[in-house]
Every structure is written in C-alpha cells, then in structure tokens.
Amino acid sequence: MNNLSSNIPQLQLDYEIFSPAAIKLSSDQIVQAVELSHEIFHVSRKWQTYINGLALFAFEEWLKERVDNFTIKREKCTVLQPALANVIPVVANLQVGEFKICLIPTGSLDDSEIEIPQVIVDLQEYIPHFYVLVEVLEEQSSAIISGFLSYQELMENRTKTNLQPEADWTYQLPLHWFDSDVNHLLLYLRCLATEAIALPAIPENRAQILSTMQNNLTALLPQLQSSQRELWEVLTWEQGTAVLTNPELLRWIYNCQQQTPNFALTSNLKDLFKLCTQPALNVGRWLWDELDELAQELSWTLLPSFTPAVAMRSPTEEFEEIIHQLQHRGLEIPSQARGAYQDLLLAGIPLRLYAVTWHLLSESDSHLWTLLLVLGTTSQNTLPSHLKLRVSDQTSVLLEQGINQEQGDSYLFTRVVGNWDEKFLVSVSLMDGVEISLLPFTFYPGQSL
C-alpha cells in the first residue's frame, strides 16, 4: 500500500504543471531571461533577475491569451535595466494600459506570508496600482498568475495592522491579503479608471534632499563596490531613498560592482553628484540666439554667428580666429553652430572658456549634440603649467587634459558628443587641488525645457 502522504508534494507539483492556469514558457523566452541575468554580477541577484525575467514573459503571455487589446509597455520595467535589476528584486514599473503593475515572483505558495521589498511600497517612483503574484515553476518552464493586491488595499491593511518594514527594507505581507481570483484583475485592468486607485505623487525636492546628503553618500557609496553588500547594510532608509530614486547613482553602484575598483570611478562620484543636484545650462537655446536665465545669471556672453576672421582680438574676434584654426586642422564646424564664453578666475589666474554647440545630424540617432570647449586666458598669454581641463558625464570622467609644456599651448581644446538626455560637467584645476566646476551643460533645441 502506498503512503499517500509522502506523495502529496509530487501531487501538488503535478497539479501545478498540468493546471489550466499554468503558462508554458518558450525556449526563446528562457534564453531571454538568461541573457537578462548575465547583466548582473552577484550570484543570488543573477538568479533573481532570471526568475524575474520568466515572470515578466509569463505575465505578458497570460494577458495576451485572455485579452488582445491591452497595451503593454515594458520600456521602464526594472528587470530590463541592469542598474535597477541589481537592487530591486521584483519586476516594477511594468505598464498595462494606464496602470502600473509590479510583478512579485514566488516559488510555491506554501507559506502564509510573502516578502516584498520596501521600495515598491514606500517610494513613489516604483509604487504600482496592482501587485501581482507570479508563481514561477522554473524547472517546469512554466508559471501561474496566483493573485493580486491593489495599492489602495495594501495601504488600508497596512493601517489596520500597523505593518512596519523589516531592518532589511522588506515587508512581510499575509498571503490572504491577495485576491486569488485573477479574473478580477483582468476586469479591473479593462474597466477601472486609474483615478480609482490614487498613487502618491513623486516629490519635487528629490535633488535638493540628495544635495543635503552629498557628503555622507560620497563617503558611504564606495563601500558598495563589493557586490556582496546590500544597500540596507550600508545606508539608512533615508539615504537609500535618495539613492534608489536617482538612476545615475544606481548606475554608478552597478558599474562599480561590475568593475575592478579604480580611482576614476571614485573621482567620478564627486562630479556625478554635481550633475545630479545642480541646475544645467541649456546650450540648445544658443541655436535660437538666446541664453537661458541661468546662463544670463552667470554672465555667459553669446557670440554672433561665424564671420571671416579679422586681425583684432576682442572675445568675438578671438573666437573667430580659434574656430578658423580648428577648421584648418580638419574639424568640421557647421555654420549653424553657436558659441558663448565665460571669464573665470582660478587662484587669481584670469581664464576664458569658450563653448560651442551644434545639433549632430546622424541617420542612426537624431538626438545627438556636441560640445566643443576651448580654454584660454583673457590676457592671451600661455596657459599656466599644471592646468587641467576635465569633462565628466553621468557615467564617467570622459577626459582629463593637461598642458603640453614643450609646445607652450595658448589654448586647450576638447570636444564631446552626447544624447539629448546627457549632461556634461566641465572642471578646471591646478595641481595643488585648486579647482572650479561650471554648472552642467545640457542640450535641448526647443525654446524651453
């Protein structure tokens, strides 16, 4: 006689495999999930990213099989962005129609509670209209959509039970809070107005708060270069909030954990905070013969369109001569390019920085711009020795250029190219640590951002 009790787990597994609710994953979808996991360095996060990928593909199949007119937008989905997938162990920011969905992958739902990360409950950037449980049966290459909970219901239950987060930035939710009839979810997605589930607005002072924490975070974030350390082990929740709501800082952590620690990454952190917290000059306005208010406040001077060079040396004429020298060296500068300059004072040394920008026409990407920088002195003398010009973007120090002592340079030239969502920070320094950084440069060719 067989012991029936010993066969219960197998029977349960068989039921899950053959359940009509089970969604079979294709080999192509499994390969895609594996490819997503390859972007993550830490072993357990790599596995979680793989499971998250399977949950995403299963949920999309589940929707398509039942309703053919849902619009699924996955562009902002966290699992598809390695820097976010590296720190958020669920699938947040999936959009179905106008609803935000967060998928919570699980194994078999044998426990009475389920663990979810605090980030999807308390940070407005990741809070969804619906939390959806996806039971991923990895060995059977299938998954089951097991239940859902609205944000509104979660908040009501949280208040009733005084639910508090754990020290590791997670919440333990009773499983019975979730509605197991997922047909109700389809009904809500089809018929409910998004206004029925009000989501909290994203605070407008994120950059300001980050700025107040800059010094502490500059000291703490390098501790996360070890992929073994979690954010909650190094940061307070308030510090974690500032980091988790800033994609550039999350990308910096991700890059650190993917690479051998090096001085350049640490050096870039200082520039990165300036790029994240300081307002930026919109040099795209220069193409309209305009300076934005920030450039006007900082005494930038817009230069006229290029004209033939003359012998005089006013800033405008000097600029013309520099441009002709660069064109003579083979640098192509279109006639629609526009420039401006600002006089700087570094340790008592009068300097002048010319900046020239134009929209790059490219068949592969129509949203490219370039920034040409020319650093000289206002007195037309050679630049001081040990002077350096550094340009950083949100990912790294792009270049650091010094003076060629033998050639007795009168100018330092450099040029960078970026997309419209990229900013550049320009710093000028001397060897003794004296440094000035200008406000970041950004480019938007419209007349307003």
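Residues numbered from 1 in each chain as written. Predicted model: local features only at pLDDT ≥ 70, side-chain atom pairs only at ≥ 80, totals over all residues. Heavy atoms only, no water.

## What to know about the sheet that holds strand β18 (residues 435–437)
Phase 1: Spatially, the 4 strands line up as an open sheet ordered β15-β14-β17-β18, and their pairing is antiparallel. The sheet is open, and its two borders are formed by β15 (397–402) and β18, each paired with just one other strand. Between one strand axis and the next, the sheet turns by 15° as a mean value, whatever way the strands run.
Phase 2: Note: strand β14 (residues 388–392) against β15, 5 bridges, orientation antiparallel. Across the sheet, residue S392 finds its bridge partner in β15, namely V397. (Pairing = 2+ DSSP bridges. Helix = DSSP H or I, 4+ residues; strand = E, 2+ residues; numbered from the N terminus. Axes fitted to C-alpha atoms, helices over the stretch in contact; angles between N-to-C directions.)

## What about the pattern of salt bridges?
Phase 1: As enumerated under the stated definition, the model contains 12 salt bridges in all.
Phase 2: One salt bridge connects R390 with E435, and the closest N-O pair in it is separated by 3.1 Å. Of this pair, R390 sits in strand β14 while E435 is found in strand β18, placing the two residues 45 residues apart along the sequence.
Phase 3: On the basis of relative accessible area, R390 is assigned to the buried category, the value being 5%.
Phase 4: For E435, a relative accessible area of 27% gives the class partly exposed.
Phase 5: Connected via shared salt-bridge partners are K270, D271, R390, E400 and E435. (Salt bridge = Lys/Arg side-chain N within 4 Å of Asp/Glu carboxyl O. Buried < 20%, exposed > 50% of the residue type's maximum accessible area, 1.4 Å probe, protein only.)

## Re the sheet that holds strand β1 (residues 23–24)
Within a sheet, neighbouring strands are paired by backbone hydrogen bonds and run either parallel or antiparallel to one another.
Phase 1: Pairing is mixed across the open sheet formed by 6 strands, whose spatial order is β1-β7-β6-β4-β3-β2. Edge strands, defined here as strands with exactly one partner in the open sheet, are β1 and β2 (72–73).
Phase 2: Across the sheet, helix α7 (residues 183–191) lies against β3 (91–96), β4 (99–106), β6 (130–137) and β7 (142–150), angled at about 140° from β6, the strand it touches most. (Contact = heavy atoms within 4.5 Å.)

## A few points about the environment of D271
Phase 1: With respect to the element layout, D271 can be found in helix α13 (residues 263–277).
Phase 2: In sequence terms D271 and L425 are 154 residues apart; their C-alpha atoms lie 7.0 Å from each other.
Phase 3: Leave out the neighbours within four places in its chain, and D271 touches R390, S392, V397, L425 and S427.

## Remarks on the nonpolar core
Phase 1: Counting residues in hydrophobic clusters, the biggest one holds 88 residues, and the most contacted among them are F59, I101, I120, Y131, V132, L173 and L221.
Phase 2: Sort the elements by how many residues they give to this core and helix α3 (residues 43–66) lands first, with 10 residues.
Phase 3: Beyond its immediate chain neighbours, meaning those up to four positions away, L173 contacts S112, E113, I114, I116, L149, L154, L163 and F178.
Phase 4: Counting residues in each nonpolar core, the second largest holds 31 residues, with W300, L353, A355 and L389 among its members. (Core = buried A, V, L, I, M, F, W, Y, C linked by side-chain atoms within 4.5 Å.)

## Overview of the packing of helix α2 (residues 27–37) against α3
Phase 1: Taken N-terminus to C-terminus, the directions of α2 and α3 make an angle of 145°; their axes are 8 Å apart at the nearest point. Taken as a pair, α2 and α3 cross one another with a handedness that is right-handed. Residues Q29, I30, Q32, A33, V34, L36 and S37 of α2 lie in contact with α3, whose contacting residues are K46, T49, Y50, G53, L54, F57 and E61.
Phase 2: Looking at the contact of α2 with α3 residue by residue, the class counts come to 7 nonpolar, 5 polar and 2 charged. (Left-handed = near helix turned anticlockwise from the far one by under 90°. Nonpolar A, V, L, I, M, F, W, Y, C, P; charged D, E, K, R; others polar.)

## Focus on the confidence of the model for the protein chain
Phase 1: Mean pLDDT over the protein chain stands at 87; residues scoring 70 or higher make up 90%.
Phase 2: Below a pLDDT of 50 lies the segment residues 1–9, which in the model reaches 0 contacts outside its immediate sequence neighbourhood of four places, other chains included.
Phase 3: In this model, residues 308–312 is a region of pLDDT below 50 whose contacts with residues beyond four sequence positions or in other chains number 6 contacts. (pLDDT = per-residue confidence, 0-100.)

## A few points about a nonpolar patch on the surface
Phase 1: On the surface, L187, Y188 and L192 cluster together into a nonpolar patch covering about 240 Å² of accessible area.
Phase 2: Counting through the fold element by element, L187 comes out in helix α7. (Patch = residues over 30% accessible without salt bridge, like charges linked within 9 Å, V, L, I, M, F, W, Y side chains within 5 Å. Areas by Shrake-Rupley, 256 points an atom, 1.4 Å probe, with all protein chains shown as cover.)

## Quick look at empty space enclosed by the protein
Phase 1: Counted according to the given criterion, the structure contains 1 cavity of 30 Å³ or more.
Phase 2: Roughly 40 Å³ of internal volume is contained in the largest cavity.
Phase 3: Lining the largest cavity we find R45, N86, V87, R229, E230, L231, I253 and Q257. (1 Å grid on protein atoms, 1.4 Å probe; cavity = no way out; pocket = protein on both sides within 12 Å on 5 of 7 lines; lining within 4 Å. Points joined across faces, edges and corners; volume = space filled by probe spheres on them.)

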